[in-house]
Amino acid sequence: MLLKLKILKYLSRYRKKQVPDNEEALIKWQNKKIKRHLKRVAKKSPFYAERLKKYGSWDKFPVINKEIFMENFDSINTHGIKKEDAYKVATQAEESRDFSSMIGKVTVGLSSGTSGNRGIFLASVDERAQWVAYVLLHVLGWQWKQRKVAFFLRANSNLYSAAKSKLIDFNFFDLKDSITNNLEKLQNYQPDVIVAQPSMLIQIAKAQKAGRIKIQPKKIISVAEVLEAFDHSLLKRTFNQVIHQAYQCTEGFLAKTCEYGTLHFNEDIVKIEKNYLDDSQERYHPIITDFTRSSQPIIRYELNDIIIDKKEPCPCGSIFQAIDHIEGRADDVFLIKNAKGEEIQIFPDFIRRAIILATTKVQEYIVEQTGPKEIIFYLDSNDFDTAKIAVTESVLDLLEHYHINDCKLIFKDTIPATTMNKLRRIKRSC
Ligand SMILES: [Zn+2]
């Protein structure tokens, strides 16, 4: 009940919130917020207290990343929680499928990253309420009528049950359930809104196209994985509407789609700096500073996601920085030596383009660099042989451009199952 009251409090606060409408004022506003936030969290976070003493101002702090963050977890968090204890509690909760894991009054959860690299998130009652209020207001959109929300998750959370009200009916769909069960449940529920990861949305779209289910959602929100243009267009075609995205990770709720379908950073809760990766300043790693989260303060934290900048202004008029698309992660950039023995980086978008532009005969694909000079192509196609020839030619052209001439290309005609794991169409596993 306490959580519900707090959600209402934040809803009312957020609805009244005034965010500057020009860039210069926004920067000043963010700066003020960060300073105040840092002053508060430094009292309980030895890590940030030390930095503040040493560097004076947040913008002079050296950039941190996941590795540094996890190494210093115990002194970064403001509840004195030890990393080992947090892992233990969160893992137990997941194994027993009881997702109300707490240490004291703090909720502990695991992010859905790959094993060995999973992040921990800590959230106080206040932070949970803030998050729910923000999502209700900015993602689901406030409406004075009852809506049914189908929420596909790897793990249920008491967050969603707390958000249930006369206006929002949340229904949790367990990703561990079989797809047949989930589709049947979806058909019976007839949701107004669907929130799910792209790999699940694709399955729903395929079932709808094949006539196995018949639903009329008014809003579709893609979460948790990169929504690729390839999948985006299938969803758009099937449901005939703008497909929304919520770009969220353990480190924060970073961006959401506006009514024109553009992803904008949530610059009213997080400050974004850019570490450009190429000379043309097209792609970058975001460096984030969140000025709302206090259990696990995030200040100048570089993500390894690769973002493609959208330079032209969005017709919605928002001054929040726009994202053209999320290309993937630094770990998924292919690394292959050329004829001179130099290591060449091939960004995921180039691989993607080499497939999509080569042929229209590919329904689905996954490409994986499995060795220093080995790439496997999983192609789902009703004309596999033709698709294989076209993709081979196109990829060889790409590799030749980089003077790579002895790379082994392997083709397989089935796509490995990815229901529970994150769908990554382009990945490097070596
Ligand atoms: Zn926009």
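Before reading further, recall that the structure is shown in the block above.
Conventions we followed
- Residues numbered from 1 in each chain as written.
- Predicted model: local features only at pLDDT ≥ 70, side-chain atom pairs only at ≥ 80, totals over all residues.
- Heavy atoms only, no water.
- Helix = DSSP H or I, 4+ residues; strand = E, 2+ residues; numbered from the N terminus.
- Rg over C-alpha atoms; globule rule 2.2 N^0.38 Å.
- Buried < 20%, exposed > 50% of the residue type's maximum accessible area, 1.4 Å probe, protein only.
- Contact = heavy atoms within 4.5 Å.
- Donors = N, O, S within 2.8 Å, 3.2 Å for Na, K, Ca; no water.
- Tetrahedral: all angles 85-135°; square planar, octahedral: opposite > 155°, others 65-115°.
- Phe/Tyr/Trp six-rings, centres within 6.5 Å; stacked < 30°, edge-to-face > 60°.
- Polar contact = N/O pair within 3.5 Å; in protein donor to acceptor, adjacent residues only side chain to side chain.
- Pairing = 2+ DSSP bridges.
- Axes fitted to C-alpha atoms, helices over the stretch in contact; angles between N-to-C directions.
- Core = buried A, V, L, I, M, F, W, Y, C linked by side-chain atoms within 4.5 Å.
- Salt bridge = Lys/Arg side-chain N within 4 Å of Asp/Glu carboxyl O.

Q: Just checking my understanding: could you explain the overall build of the protein for this structure?
A: When its secondary structure is counted, the protein shows 13 helices and 21 strands. Against the globule reference of 22 Å for 430 residues, the protein gives a C-alpha radius of gyration of 22 Å, in line with a compact fold. If one aligns the C-alpha atoms of the protein with their principal axes, the spans along those axes are about 60 × 55 × 45 Å. Each of the 430 residues in the protein was classed as buried or not, and the buried ones make up 52%. Sequence-distant contacts, at least 24 apart, represent 59% of the contacts inside the protein between residues at least 6 apart.

Q: Would you mind going over the coordination of the zinc ion with me for this structure?
A: Looking at the zinc ion, the protein donor atoms are Cys258 (SG), His264 (NE2), Cys314 (SG) and Cys316 (SG), and they sit 2.1 to 2.3 Å from it. For the zinc ion, the four donor atoms are set out with angles of 102 to 114 degrees between them, so the coordination reads as tetrahedral. One chain supplies every donor for the zinc ion, spaced along it as C-x5-H-x49-C-x1-C. In this pair, Cys258 is assigned in the loop between β9 (252-257) and β10 (263-265) and Cys314 in the loop between β14 (305-309) and β15 (322-329), connecting sequence segments 56 residues apart.

Q: Hey, could you run me through the packing of aromatic side chains in this one?
A: The geometry of two aromatic rings is summed up by the distance between their centres and the angle between their planes. According to the stated counting rule, one finds 14 aromatic pairs in the structure shown. With a centroid separation of 5.9 Å and 85 degrees between ring planes, the pair formed by Trp29 and Phe291 is classed as edge-to-face. With Trp29 in helix α2 (residues 23-42) and Phe291 in the loop between β12 (283-290) and β13 (301-302), the pair connects residues that are 262 residues apart, well separated along the chain. Note on Trp29: relative accessible area 16%, which makes it buried. Seen from their ring centres, Tyr48 and Phe61 are 6.5 Å apart, and the 15 degrees between their planes marks the pair as stacked.

Q: For this particular structure, what's the right way to read unusual backbone geometry?
A: Peptide bonds are mostly trans, and most non-glycine residues show a negative phi. With a phi angle near 50 degrees, Gln281 is a residue other than glycine that sits in the positive phi range. One can find Gln281 in the loop between β11 (270-276) and β12. A relative accessible area of 39% places Gln281 in the partly exposed class. Despite not being glycine, Arg300 shows a phi value in the positive range, around 55 degrees. Position of Arg300 relative to the elements: it lies in the loop between β12 and β13.

Q: Whenever I open this one, the environment of Asn171 confuses me. Can you help?
A: For Asn171, the location among the structural elements is in strand β5 (residues 168-174). Between the C-alpha atoms of Asn171 and Arg128, which are 43 residues apart in sequence, the distance is 18 Å.

Q: Could you clarify how one ought to interpret the side chain of Asp231 in this entry?
A: As for its placement among the helices and strands, Asp231 is situated in helix α11 (residues 229-239). There is a polar contact of 2.8 Å between the side chain of Asp231 and the side chain of Arg425. Aside from chain neighbours lying at most four places away, what touches Asp231 is Ile202, Leu423 and Arg425.

Q: Could you clarify how one ought to interpret the sheet that holds strand β1 (residues 102-103) in this entry?
A: The strands that make up a sheet pair up through hydrogen bonds in the backbone, lying either parallel or antiparallel. If you trace the three strands from one edge of the open sheet to the other, you get β1-β2-β3, paired in antiparallel fashion. A single partner strand is all that each edge strand has here, and the edge strands are β1 and β3 (120-123). Relative to β3, strand β2 (residues 106-110) is paired through four bridges, and the arrangement is antiparallel. Each residue of the ladder has a partner; that of Gly109, found in β3, is Phe121. Docked against the sheet, helix α7 (residues 125-141) engages β1, β2 and β3, running at close to 95 degrees with respect to β3.

Q: Before we go on, may I ask you to explain the sheet that holds strand β20 (residues 408-412) in this structure?
A: Strand order in this open sheet of four strands is β20-β19-β18-β21, and the pairing throughout is mixed. Both edges of this open sheet fall to β20 and β21 (426-428), since each of them pairs with a single strand only. Each strand of the sheet is rotated relative to its neighbour by a mean of 20 degrees, with strand direction disregarded. Inspection of the sheet shows strand β19 (residues 374-380) paired to β20 by five bridges, in the parallel sense. Pairing of Ile375 across the sheet is with Leu409, part of β20.

Q: Is there a simple way to explain the pairing of β2 in this structure?
A: Side-chain direction in a regular strand flips from residue to residue, so the side chains alternate between the two faces of the sheet. The element β2 is largely enclosed, with a buried count of five among its five residues. Residue alternation in β2 divides its side chains into two sets, Val106, Val108 and Leu110 and Thr107 and Gly109, and both sets are buried.

Q: I'm lost on the nonpolar core in this one. Help?
A: Burial of nonpolar side chains together is a common tendency in soluble globular proteins. Within the largest apolar cluster, 68 residues are counted, with the highest numbers of intra-cluster contacts made by Tyr48, Phe69 and Tyr247. It is α7 that provides the largest number of residues to this core, a total of ten residues. Once you skip the residues sitting within four places of it in the chain, Tyr48 turns out to touch Leu38, Ala42, Phe61, Ile64, Phe69, Ile76, Pro297, Ile298 and Ile299. Of all hydrophobic cores here, the second largest spans 27 residues; its members include Phe173, Leu175, Ile202 and Ile366.

Q: Help me understand the pattern of salt bridges, please; the structure alone is not making it clear to me.
A: Should the charged atoms of two oppositely charged side chains come close, the side chains can pair. Across all of its chains, the model carries 16 salt bridges by this definition. The partner of Arg425 in a salt bridge is Asp231, and the shortest N-O contact between them spans 2.8 Å. Of this pair, Arg425 sits in the loop between β20 and β21 while Asp231 is found in helix α11, placing the two residues 194 residues apart along the sequence. A relative accessible area of 1% means that Arg425 is categorised as buried. Taking relative accessible area as the criterion, Asp231 reaches 2% and is therefore assigned buried. Salt-bridge contacts for Asp309 lead to Lys311; the nearest nitrogen and oxygen are separated by 3.4 Å. Given a relative accessible area of 55%, Lys311 falls into the exposed group. Residues joined in a network through salt bridges with shared partners are Lys206, Asp231, Glu364 and Arg425.

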